[in-house]
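Notes for the structure review
Residue strings, one per chain:
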Protein chains: 2
Amino acid sequence: MSLEHFYYPKSIAIIGASNNPAKAGYQIANNMIRLGFEGEIYFINPKEDIIFGKKAYDSLLDIEGKVDLIEIIIPAKGVLEVFRQAEQRGDVRAAIIMASGFAETGIPENIQMEKDMLEIAHRAGIRVFGPNCVGVMNTENNLDTTFAADIAQRPGGMSVISQSGSIGAAILMFTCDQPVPMGFCKWGHVGNMSDVTTEELLKYYRDDPKTKVIAMYMEGMTDARSFFETAKEVTPQKPMIVLKVGRSEIGSVAAASHTGSLAGADKVFDGAFRQTGVLRADTVEELVDTAKAFSMLDQLPKGNRVAILTEAGGPGVISMDEIGSHKEVRMAKFSNETNARLKEILPPMALISHPDGYVDMTAGADGPQHAEALEAILRDEGVDAVLLLSVPPTFLVPPAIAEAVNSKMPLAKELGKPVFACFLAGNWIKEAHIMMENNGIPTFEMPQRAARALVNMIKHSAYLRDLQIGE
Amino acid sequence: MSLEHFYYPKSIAIIGASNNPAKAGYQIANNMIRLGFEGEIYFINPKEDIIFGKKAYDSLLDIEGKVDLIEIIIPAKGVLEVFRQAEQRGDVRAAIIMASGFAETGIPENIQMEKDMLEIAHRAGIRVFGPNCVGVMNTENNLDTTFAADIAQRPGGMSVISQSGSIGAAILMFTCDQPVPMGFCKWGHVGNMSDVTTEELLKYYRDDPKTKVIAMYMEGMTDARSFFETAKEVTPQKPMIVLKVGRSEIGSVAAASHTGSLAGADKVFDGAFRQTGVLRADTVEELVDTAKAFSMLDQLPKGNRVAILTEAGGPGVISMDEIGSHKEVRMAKFSNETNARLKEILPPMALISHPDGYVDMTAGADGPQHAEALEAILRDEGVDAVLLLSVPPTFLVPPAIAEAVNSKMPLAKELGKPVFACFLAGNWIKEAHIMMENNGIPTFEMPQRAARALVNMIKHSAYLRDLQIGE
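Residues numbered from 1 in each chain as written. Chains lettered and ligands numbered in written order. Predicted model: local features only at pLDDT ≥ 70, side-chain atom pairs only at ≥ 80, totals over all residues.

The subject of this paragraph is the overall build of chain A. Tallying secondary structure elements over chain A gives 17 helices and 20 strands in all. Taking 23 Å as the expected radius of gyration for a compact globule of 471 residues, we find that chain A reaches 25 Å, a close match to that expectation. Its C-alpha atoms give chain A principal-axis dimensions of roughly 80 × 45 × 40 Å. The 471 residues of chain A split such that 59% are buried. By sequence separation, contacts in chain A at least 24 residues apart represent 75% of the contacts at least 6 residues apart. (Helix = DSSP H or I, 4+ residues; strand = E, 2+ residues; numbered from the N terminus. Rg over C-alpha atoms; globule rule 2.2 N^0.38 Å. Buried ≥ 20, exposed ≤ 12 C-beta atoms within 10 Å, placed from the backbone. Contact = placed C-beta atoms within 7 Å.)

Here it is, written out as structure tokens:
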């Protein structure tokens, strides 16, 4: 049975919805109402008559309409009774359990309670997220079963799996903060995985036509073999980026306490991620940056040869450092014609192909020179992708450069060569970043972040090519 | 002769000031006028009568008042004549040369031109920044000889040395973007260092009473021995953070082209930085984050024992990973009393001292619990610094937590224990970060960045203690 009933329920019953703003049950109800979930919403709380203007039911059994999905916000001890009621109803297909206090505590009676819950669930055909989870989001039908704050639902290509509700929410807040909010598709926090596992959710995203790229925050895995086997089935279909924490010894102890799963030897994970085509991110920023690139672009670079076109030396050097530390990527080597053309276009002080693939136009370059140099580089057959950097001086306003660069984007798309950009810094360049993102150029806050996202995209593209050769 | 005439000139003559917004000479004039430089400003351009409402002189020789500092924005070939005029005047003490095209080109006649320029300068007692540099800034007298855009001058404790004008400007733009703009003290870009070197500027900052911390962006060094000997003299007096790029091979080639200095073997640099007490930053973010912590706080942690107090597991694990990867820092071990007190204060699901020094209060913790737990940890004699993390759920609004935390800051200051904070994420927590920064808590965008800045502060503190023991 698929996870459709979690992500596309026709109706949801929220057991423990509340009128008290200090309770999670209030915030979840608020999120569902505020976002305008497209299905039926039922609130259940025997102590209330009305919640958010809707009738509050005493029990699941009192609801006359059909109930697809239930979300249980009440403490652990009340959960079994809810499952009994769900079984009695016969229509419930999916359940999200927020409470902790089950098998993860190691206490025999709690372990038994989880067993009993699962027994009913299996018998009644109910799939379970949790315990100890905040559930799901889906921007297609405005579903949000979490108590996360301030998240705007905007459709996008990235789907998220998080082993931490808070980091999962933070990822979405960062997506809202991009120059052009990148949005997301689906989001899931599976908690203790008594039933639905990370692996099953990964496969669901793989098969989901709306998901373009999968971003995952991981603290540990219960079954490494199963995880990597799944990853190997996912990555040929969709890029998968994982921020796996617990790198250091004490970090992994903390991770194990938090999610109850073993962190394991970090270097072994590194190798396994690489072999299964998973892009491992070091930071939340890298996770979001890389997912943004995949979610914005429909074409992967055809090869691994990068050109850097910069208006300022410092950002150029910083991004070269990043490019130079990944053996899967190399700097492009321009043809003699391209070098000659660049010399013709650019100010006399410009540094061209020194080192190969690197062009420092200097602060003397104006908007048209940016555009013409970009065109010359895009047309070079030795170039697969371009990284464009600038610290616009006051006499060259950022939107003017953005406009010049944007004028070459039809050509870039025609040639299938991605252009990544980073202008520095602060509010000074914000409008330029928005203009470029609206034209299909992913932009980044810092040059090394732009370079890393591009490197990740090239790694994925190379992984796919290697698979084809291997076939 | 000191560098006072660069940073505290009574008057400045700008040779090449312009009314044409497309020229650097316009933007520099604009910056000086816009910021309201406190001394006399003279504009020199024989083609103009009036620039920014002020008389434009034909030549340096026409200025009747005294001229302390000259900034030369005209092309290289005109520079010698300006120096001859400056010598003839006899009052000029300092010169900033923006043009490139001197010794760095390797062309014999350009090398000779630089020699001739320096000969006059030495004879006339004129110190030189550059060639190929944008000069200085000083927030004390609103001096800005650069053409950087959009930089608000606000006094702060950080002074900057940059080998890239653009990254140097970007650093300041990031300081403006902090929750509470952190400001800066002095800024310098020495360019090709025909006369004034990085080392001399470092010593000037070391002796400058307004500078609390030195942040440096470095692409290479011409004389490594001299640099590290200077660093060794600076770091016992003031913390010094260096972002040294050119880590990878191609990155170092690009760096050498940009600044004309050798990048050298990166691991050797790593060791030399450590031995001379320099904090090496990996990114611009880390450079600014760390400088912010030093510039905000007057007390260093007394030891290396860190406690993490978090409301959400994910950020806790991420920061533990960072702490765990630096051998100079370790997690605190609470006393039995502290553990008992935390158990009393916090929700039953809270994870206390698992691992040591780590407290996950869980999303159930309210404002008063944040405050009381922070107090209990601060009072523990085994704790030297606290890292506070939160992903505030909607039912616990960020400013309420900030207020609770702020109430314990008088205690933290009394005990001399720094508190660092990171709330996640986006606009949702911005006000809380501002409130905390106004109470002496440096805040950071991401948990690993907060942890890294704290680690750096602890490393500096440990370096100073080791020096004392060595004496």
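With that settled, the discussion passes to the interface of chain A and chain B. Quite often, the size of an interface is put as the accessible area lost when its parts meet. Taken together, the contacts link 67 residues of chain A with 67 residues of chain B. Counting only elements with at least two residues in the side of chain A that touches chain B, the list comes to helix 2 (24-35), helix 5 (165-176), helix 8 (249-259), helix 10 (284-296), helix 11 (313-324) and strand 18 (358-360) of chain A. By residue number, the principal contributor to the side of chain A that touches chain B is helix 11 of chain A, which donates 10 residues. Looking at the side of chain A that touches chain B, its residues break down into 38 nonpolar, 20 polar and nine charged. (Nonpolar A, V, L, I, M, F, W, Y, C, P; charged D, E, K, R; others polar.)

Residue and element names in this part refer to chain B. Sheet architecture is open: seven strands sit in the order 3-4-2-1-5-6-7, paired in mixed fashion. In this open sheet, the two strands that pair with only one neighbour each are strand 3 (50-51) and strand 7 (127-129). Two strands pair when backbone bridges link them, and strand 1 (residues 11-15) and strand 2 (residues 40-44) are joined in this way by five bridges, in the parallel orientation. Residue pairing for strand 2: Ile 15 is matched across the bridge by Ile 44. (Pairing = 2+ DSSP bridges.)

As a further point, take the sheet that holds strand 4 (residues 54-57) of chain A. Residue and element names in this part refer to chain A. If you walk across this open sheet you meet the seven strands as 3-4-2-1-5-6-7, and the pairing is mixed. Looking along the sheet, the strands with just one partner apiece sit at the ends: strand 3 (50-51) and strand 7 (127-129). Across the sheet, helix 3 (residues 79-89) lies against strand 1 (11-15), strand 5 (69-72) and strand 6 (94-97), angled at about 165° from strand 5, the strand it touches most. (Axes fitted to C-alpha atoms, helices over the stretch in contact; angles between N-to-C directions.)

Another aspect to go through is helix 11 (residues 313-324) of chain B. Over its 12 residues, helix 11 of chain B runs 16 Å from end to end, which matches the ideal 16 Å to within 8%, given 1.5 Å per residue. The set of residues buried in helix 11 of chain B consists of B:Gly313, B:Gly314, B:Pro315, B:Gly316, B:Val317, B:Ile318, B:Ser319, B:Met320, B:Asp321, B:Glu322, B:Ile323 and B:Gly324. (Expected span 1.5 Å × (residues − 1).)

With that out of the way, let us pick up the packing of helix 10 of chain A against helix 17 (residues 447-470) of chain A. Residue and element names in this part refer to chain A. Contact geometry of helix 10 with helix 17 gives a least axis separation of 9 Å together with a crossing angle of 60°. One finds that helix 10 runs oblique with respect to helix 17. Along this stretch, helix 10 crosses helix 17, giving a crossing that reads as right-handed. From helix 10, Glu 285, Glu 286, Asp 289, Thr 290, Ala 293 and Phe 294 reach across to helix 17, where they touch Arg 449, Arg 452, Ala 453, Asn 456 and Met 457. (Parallel < 35°, antiparallel > 145°, perpendicular 65-115°, else oblique. Left-handed = near helix turned anticlockwise from the far one by under 90°.)

Within helix 16 (residues 430-437) of chain A the residues assigned to the buried category are A:Ala432, A:His433, A:Met435, A:Met436 and A:Glu437. The elements touched by buried residues of helix 16 of chain A are helix 14 (398-406) and strand 20 (419-423) of chain A.

Moving residue by residue along a regular strand, the side chains alternate between the two faces of the sheet. All names here are of chain A. Counted residue by residue, strand 1 has four buried out of five residues, so it is predominantly covered. After leaving strand 1, the chain enters helix 2 and then returns to the sheet as strand 2 (residues 40-44), a path that is right-handed. Direction of pairing for strand 1 relative to strand 5: parallel, over a ladder of four bridges. If you follow Ile 15 over to strand 5, its bridge partner there is Ile 72. (Right-handed = clockwise from strand over helix to strand, strands pointing away.)

We now examine the relation of the copies chain A and chain B. The two copies are related by a screw motion: chain A maps onto chain B through a turn of 180° and a shift of 0.0 Å along the axis, at an RMSD of 0.0 Å. The operation mapping one copy onto its partner corresponds to a two-fold rotation axis. Measuring from the rotation axis to each C-alpha of chain A, the shortest distance belongs to A:Glu285, at 5.9 Å. Comparing interface residues between copies, 100% of those in chain A also sit at the interface in chain B, which points to an isologous, same-surface contact. (Least-squares fit on C-alpha atoms with pLDDT ≥ 70 in both.)

Overall, the predicted model of chain A reaches an average pLDDT of 93, with 98% of residues at or above 70. Note on the complex model: pTM 0.93, ipTM 0.90. (pLDDT = per-residue confidence, 0-100.)

Turning our attention to unusual backbone geometry. Residue and element names in this part refer to chain A. A cis amide bond links His 354 to the next residue, Pro 355, at an omega of 0°. Turning to its location among the elements, Pro 355 is positioned in the loop between strand 17 (351-352) and strand 18. Although it is not a glycine, Phe 52 sits at a positive phi angle of roughly 50°. Inspection of the secondary structure puts Phe 52 in the loop between strand 3 and strand 4. You can call Phe 52 partly exposed: it has 16 C-beta atoms within 10 Å. Its identity is not glycine, yet Thr 362 carries a phi of approximately 70°, on the positive side. For Thr 362, the location among the structural elements is in the loop between strand 18 and helix 13 (367-379).

This brings us to the environment of A:Gly106. Note on placement: A:Gly106 falls in the loop between strand 6 and helix 4 (108-124). Between the C-alpha atom of A:Gly106 and that of A:Thr222, which follows or precedes it by 116 residues, the distance is 16 Å.

Here we take up the pairing of strand 20 of chain A. Residue and element names in this part refer to chain A. Of all five residues in strand 20, five are buried, a share of seventy percent or more. Of the two faces of strand 20, the one holding Val 419, Ala 421 and Phe 423 and the one holding Phe 420 and Cys 422 are both buried throughout. Judged from the five bridges that link them, strand 19 (residues 385-390) and strand 20 form a sheet pairing that is parallel. The residue of strand 20 that forms the bridge with Val 386 is Val 419.

All names here are of chain A. Summarising the element assignment, Glu 229 is placed in helix 7 (residues 224-234). Residue classification places Glu 229 among the partly exposed residues on the basis of 13 C-beta atoms within 10 Å. In this structure the C-alpha to C-alpha distance between Glu 229 and Leu 374, which are 145 residues apart in sequence, comes to 42 Å.

Before going further, it helps to examine the domain arrangement of chain A. For chain A, the assigned domains read domain 1 (1-134), domain 2 (148-296) and domain 3 (299-470). One C-alpha centre belongs to domain 1 of chain A, the other to domain 3 of chain A, and the line joining them spans 50 Å. (Domains from an automatic or database assignment.)

Further remarks concern the packing of helix 3 (residues 79-89) of chain B against helix 4 (residues 108-124) of chain B. Angle between the axes and distance between the axes: these two values describe a pair of packed helices. Residue and element names in this part refer to chain B. As a packed pair, helix 3 and helix 4 sit with axes 10 Å apart at the nearest point and diverge in direction by 10°. Considering their axes alone, helix 3 and helix 4 lie roughly parallel with respect to each other. Along its contact with helix 3, which presents Val 79, Leu 80, Phe 83, Arg 84, Ala 86 and Glu 87, the element helix 4 presents Met 113, Asp 116, Met 117, Ile 120, Ala 121, Arg 123 and Ala 124. Class assignment of the residues belonging to the contact of helix 3 with helix 4 gives a composition of nine nonpolar, no polar and four charged.

Along the polypeptide, B:Ala385 turns up in strand 19 (residues 385-390). Excluding residues that lie within four positions of it along the chain, B:Ala385 makes contacts with B:Pro301, B:Val306, B:Lys417, B:Pro418, B:Leu454 and B:Ile458.

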